[in-house]
Amino acid sequence: MGNSSLYTIAIGGAAGDGVREAGINFSELFAELGYNTFSSFDYPSLIRGGHNYARVSFSEDVIHADYHELDVLIAVDANSVFVHKDALKPGAYVFVEQAYLEHLQDVDVELIPLPMKQIADECKAPHVARTSSAFGAYGYMLGVELKRLKELANKVFANVGAEMNVKLVEAGYRHMRAKEYEPQAITLPPHGRPSGEVMDGNKAVAKGLLAAGLEAYVGYPMTPSTSTLQFLAKAGKKRGIKVVHPEDEIAVINMSLGMSYAGKRTACGTANGGVALMQETISLAGVSEIPLVILESMRMGPATGVATHTSQGDLQFTLHAGHGEFPKFVVAPGDVEECFACAADALNMAWKYQLTSIILSDKHLSESYMSVAIDEASKGPDLGKRAIHLGGQYKRYKITHDGVSPLAFPGTPNVMVKATSYEHVEEGEATEDPKDVQAMQDKRFRKYEGLYQDFQWFPTVKTYGDPHSDIVVVFWGSTKGAALEAAKYTKAPVKLVQILWMEPFDAERVKAELNGARVLIDVEANHTAQLAALIREKTSIEIFNKVLKYDAQPFTPKQLAAEIDNFI
Amino acid sequence: MAMDLTTDAKNTWCPGCPNSQILVAFRMAVEEMVKKDELELHNLVAGAGVGCHGKISDYLEVNTFNSLHGRIIPTLTGIKLANPKLQVVGFSGDGDSFSEGFNHISNAARTNSNITVFLHNNQVFALTTGQATRLTPKGFKGGTTPDGSFNEPINPAFVMLALGATFVARTYAGDIKKTKAIMQAAMRHEGFAFVDIIQPCLTFFDTRDYFKKRMYWIDEKHNAGRFDSALKVARSVSDEKVPLGIFYQVKKPTFESNFA
């Protein structure tokens, strides 16, 4: 099978060369032309130098991952040619900064010299914008008319200095024409309609939170979660959303709790290391039953680990976040659209049940871009009742049949709202009485009864591929992308099962999807098969076939297909 | 109708503990402010950390947030930021904000968060049965320093001034009237207000006699609007004298005003 027409372009350079921006610009160009896109970014933890690359796959089909094999390489430096030459398909275009040609004399690759630096100098453009001439050069090779390309470039560069960038695009285009290169004859999508907005997972999480009525966001910068904080810091201002970057992650979560206690729908965000710092307060949120949302984006640990690279190593850590036992909600979106929907659902669940919701993302999901048309209706229903106090003596922790107590906020006449980290009686004062302790723990855990009822309204589990296949591949999170693409290449049709709700766990649905499999394969980006452990715990189904990747790189479609084939 | 700010919770502080005097001073401060229409009771939030001081939230019939050890300060800032109408005060201990949570109180002072912090300064970890905090005098023999503590104590008022607090005062728990008045001044202050309340621990570090001999109230000649004067009096704590009073009070933009 495979995609009908799929192309991949990589832009490589040093940190500071504008590689990431170029990747987004190219993605937007392809999306404007009507292609579906998936783009990933690979960068080391440094600010200048090193090797960065952006890789953009585009196709008329919807694609869920970028591909390793390159049709086009734009090399801003000589090193990029060496790094990526083995991934080039036969006949691939390799645009290379003309100034570095002399370093590449011994390379057995046909090169297209492009004077990006010189063009940028002539247009008085900054260094970081030089890839825009490659945008023009490749636009020429795609066979796009100059007039149309300039229109598209005006859209793509609308917020980053359109005039200057369009000049660079035109110069790149004219350079190729002057050198009499033959445009490539690929058929552009005939409909010509933009495929959607190019967006990464972090922005989609922010948009989902906003769609569910976010009023405040608190965060401390840590890769790969930072862009949600930065997006909201900018976008929040216009909407009256309070966005704070306090002194550390412990302050982040405690400040968030304070804001929720005072009545604001609040979320906070950090990477897995930041969540490690937040543990004690996650527990406080549990006992004080204050609604809270945490965006946790995983990177490769342990510790500082591989700071700018991906991992799914924290599923079990997240499920067990906080000391003591208390209900929580953990959801793991698998692509950009699910980031939107799951974030909205997480905020709604936090307020419906007065608990902590964790949105579990990872670098590959947080910082990879897809062209998406977000469907506002894709978020689940807001079933939330904000159990408002209706009079009489207010008891913040009133024992109720569904475990959810009336919620009120300080500033309400005749109401005293007492929140506490101690186990407490209904009024919120500390207790050590065994009966009170047990009753309060029972009350909190009764929330699961409602959550189990909610399974029916939400996509707790999703399936793809051949529903009749007895070869079943189960996965979670960003691995969805490579799994969906890999299924196009496996030697036999497979059924794909993605688990989104990790806590509470929809055991019956998972059992129904996995039972009957002749070959059951677990795919995860970690060393210890944490999803398989969860499935065994919740369903008693043991998965023996595992494809595990823990080199801090995401799965790629064809490599994953080959690994799945090993079990078929 | 007389205001009743007491709860049904049983007071479990040691008999005679000056924490009770702080509780009484606060209740009186609030009652007076409510009677004078300076404050609506439902708009008051009193936070506390964990330590002996933290029990105070159980004894106050107002909105309370009893946080974790060391973490009450950012919670208070969050509450104030979420709803600027609220009068947000916090009780903390020397272990709670100068050992565990120092990063938070220092940042709240620096940013001039519009909250009030009352430090129950007993110079000891009491609820864990007597160990040295970062405010304990050198040589203190406690559970973790059987041969005496090694380090010089932090002077909290001095440190808060240095970090940017816009209201800094010191009082003595046993002087309920003066403590009440200083609490009210701190609550009226717009910006980060810090009150160091000397609160001898009768069980693990009874410093009543020590302080009684050395404490004195600064007089009206002190210029609380001058940073240099405030620094001078705040740091003048010595073996001979311990000044009390409002050392510093100036108006500066608050942290929360950046979000209005």
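Rules and cut-offs
- Sequence order sets the numbering: in each chain, residues are counted from 1 along the sequence as written.
- Think of it this way: whatever chain is written first is A, whatever ligand is written first is 1, and the rest follow in order.
- Only residues with pLDDT of at least 70 get local features here, since the model is predicted, and only at 80 or more are side-chain atom pairs given and counted; chain-wide, interface and lining totals rely on the full set of residues.
- Each helix is a run of DSSP H or I of at least 4 residues and each strand a run of E of at least 2, with the numbering of both proceeding from the N terminus.
- The globule rule is 2.2 Å times the number of residues to the power 0.38, and the radius of gyration it is compared with is taken over C-alpha atoms.
- Exposed residues have 12 or fewer other C-beta atoms within 10 Å of their own C-beta, buried residues have 20 or more, and partly exposed residues fall in between, where C-beta atoms are placed from the backbone.
- C-beta atoms are first placed from the backbone for all residues, and any pair lying within 7 Å is then listed as a contact.
- In short, DSSP must find at least two bridges between two strands for them to pair.
- By convention here, the domain bounds are inherited from an automatic or database domain assignment.
- By the convention adopted, Pro, Cys, Tyr, Trp, Phe, Met, Ile, Leu, Val and Ala count as nonpolar, Lys, Arg, Asp and Glu as charged, and the other residues, Gly among them, as polar.
- Axis definition: a line fitted to C-alpha atoms, over the contacting stretch in the case of helices. Angles run 0 to 180 degrees between N-to-C directions.
- Among buried residues, those of type Ala, Val, Leu, Ile, Met, Phe, Trp, Tyr and Cys that are joined through C-beta atoms within 7 Å form a set called a nonpolar core.
- Residue-level confidence of the predictor, termed pLDDT, takes values from 0 up to 100.
- Assignment of crossover handedness uses the view with strands pointing away from the viewer, where a clockwise path from the first strand over the helix to the second indicates a right-handed crossover.
- Oblique is the label for any angle not covered by the other classes, which are roughly parallel (under 35 degrees), roughly antiparallel (over 145) and roughly perpendicular (65 to 115).
- Handedness of a helix crossing follows the sense of rotation of the near helix relative to the far helix, less than a right angle counterclockwise being left-handed and clockwise being right-handed.
- In this context, the arc is that of the directions from the helix axis out to the C-beta atoms.

Caption draft 1: Quick look at the overall build of chain B. Assigned secondary structure in chain B consists of 8 helices and 8 strands. By the compact-globule yardstick of 18 Å for 260 residues, chain B fits well, its C-alpha radius of gyration being 17 Å. Taken over the C-alpha atoms alone, chain B extends approximately 50 × 45 × 30 Å along its principal axes. A buried classification covers 54% of the 260 residues belonging to chain B.

Caption draft 2: Structural detail: the overall build of chain A. The secondary structure content of chain A amounts to 20 helices and 21 strands. Along the longest, intermediate and shortest principal axes, the C-alpha atoms of chain A span 85 × 55 × 45 Å. Looking at chain A alone, contacts between residues at least 24 apart form 73% of all its contacts between residues at least 6 apart.

Caption draft 3: Molecular detail of the interface of chain B and chain A. Each partner contributes residues to the interface: chain B has 32 residues there, and chain A has 36 residues. The set of elements that each furnish at least two residues to the side of chain B that touches chain A consists of β2 (63-66), α2 (72-82) and α4 (102-111) of chain B. The biggest single contributor to the side of chain B that touches chain A is α2(B), with 8 residues. Pairing between strand β15 (residues 418-420) of chain A and β2(B): 3 bridges, direction parallel. For A:Thr420, the partnering residue across the bridge sits in β2(B) and is B:Asn66.

Caption draft 4: Spatial organisation of the domain arrangement of chain A. Residues and elements named next belong to chain A. Each assigned domain of chain A is listed with its residue range as follows: domain 1 (6-195), domain 2 (206-376) and domain 3 (459-565). Centre-to-centre separation of domain 2 and domain 3, based on C-alpha positions: 25 Å. Taken together, the 24 residues of domain 2 in the interface contact 21 residues of domain 3. When residues of the side of domain 2 that touches domain 3 are assigned to their parent elements, the largest contribution, 4 residues, is made by strand β12 (residues 328-331). Along the lines of polarity and charge, the residues of the side of domain 2 that touches domain 3 split into 12 nonpolar, 8 polar and 4 charged.

Caption draft 5: Just the sheet that holds strand β11 (residues 292-298) of chain A, in detail. Residues and elements named next belong to chain A. Strand order across the open sheet formed by 7 strands is β9-β8-β10-β11-β13-β12-β19, with mixed pairing between neighbours. Taken across any chain shown, the strands that pair with only one partner, and hence form the sheet edges, are β9 (242-244) and β19 (501-503). Neighbour-to-neighbour, the strand axes of this sheet turn through a mean angle of 20°, independent of strand direction. Pairing analysis gives 7 bridges linking β11 to strand β13 (residues 356-362), with the strands arranged parallel. When the bridges of β13 are listed, Glu296 appears paired with Leu360.

Caption draft 6: Representation of the nonpolar core in the model. With 237 residues, the main nonpolar core has A:Val331, A:Leu347, A:Val473, B:Val168 and B:Phe194 as its most contacted residues. Those residues within four positions of A:Leu347 in sequence are excluded, and the remaining contacts are A:Leu209, A:Ala212, A:Leu214, A:Arg265, A:Ala267, A:Val293 and A:Ser357.

Caption draft 7: Region of interest: the pairing of strand β2 (residues 36-42) of chain A. Residues and elements named next belong to chain A. Summarising burial for β2: 7 of the 7 residues are buried, a large majority. The side-chain alternation of β2 yields two buried faces, one formed by Asn36, Phe38, Ser40 and Asp42 and the other by Thr37, Ser39 and Phe41. Sheet analysis places β2 next to strand β3 (residues 49-59), joined by 7 bridges and oriented antiparallel. Within the sheet, the bridge partner assigned to Thr37 lies in β3 and is Phe58. Between β2 and β3, which pair antiparallel one after the other, the connecting turn spans 6 residues.

Caption draft 8: Quick look at the sheet that holds strand β7 (residues 197-200) of chain A. All names here are of chain A. Taking strand neighbours across the sheet as the criterion, the 8 strands line up as β6-β5-β4-β1-β3-β2-β14-β7 in an open arrangement whose pairing is mixed. Each of the sheet's edge strands pairs with one partner strand only, and the pair in question is β6 (112-114) and β7. Across this sheet, the average inter-strand angle for adjacent strands is 20°, counted without regard to direction. Its contacts with the sheet place helix α1 (residues 19-33) against β1 (6-15), β2, β3, β7 and β14 (369-372), and it is angled at close to 10° to β3.

Caption draft 9: Seen up close, the confidence of the model for chain B. This prediction gives chain B a mean pLDDT of 96; 99% of its residues lie at or above 70. Model confidence for the complex: the whole-complex pTM is 0.96, and ipTM, which rates the interface, is 0.97.

Caption draft 10: Structural context of the environment of B:Asp58. Following the sequence through the fold, B:Asp58 ends up in the loop between β1 (44-48) and β2. B:Asp58 sits 10 residues away from B:Ala48 along the chain, and the two C-alpha atoms are 9.8 Å apart. Not counting the four nearest positions on each side in its chain, B:Asp58 is found in contact with A:Glu429, A:Ala430, B:Thr7 and B:Ala9.

Caption draft 11: View of the pairing of strand β8 (residues 216-219) of chain A. All names here are of chain A. Judged by which residues are buried, β8 turns out to be covered on both faces: Ala216 and Val218 on one side and Tyr217 and Gly219 on the other are all buried. Sheet topology note: the β8/β9 ladder contains 3 bridges and is parallel. Paired with Ala216 across the bridge in β9 is Lys242. Each parallel crossover has a hand, and for β8 linked through helix α8 (residues 226-239) to β9 it is right-handed. Taken together, the 4 bridges between β8 and strand β10 (residues 266-271) define a ladder with parallel strand orientation. Bridged to Tyr217 within β10 is Ala267.

Caption draft 12: Structural view of the packing of helix α9 (residues 249-261) of chain A against α2(B). Remark: α9(A) packs on α2(B), axes separated minimally by 7 Å, with the N-to-C direction vectors making an angle of 40°. As summarised for this structure, α9(A) and α2(B) are arranged oblique, according to the angle between their axes. Note that α9(A) runs across α2(B); the crossing there is right-handed. Seen from α9(A), the contacting residues are A:Ala251, A:Asn254, A:Met255, A:Ser256, A:Leu257, A:Gly258, A:Met259 and A:Tyr261; seen from α2(B), they are B:Pro74, B:Thr75, B:Leu76, B:Thr77, B:Gly78, B:Ile79, B:Leu81 and B:Ala82. Of the residues contributing to the contact of α9(A) with α2(B), the split by class is 10 nonpolar, 6 polar and no charged.

Caption draft 13: Region of interest: helix α20 (residues 557-565) of chain A. All names here are of chain A. Where α20 is concerned, the buried positions are Pro557, Leu560, Ala561 and Ile564. Each buried residue of α20 sits inside an arc of 105° when the element is viewed along its axis, so together they form one side. Elements that come into contact with the buried residues of α20 comprise β17 (471-476), α17 (479-486), β20 (519-524) and β21 (545-548).

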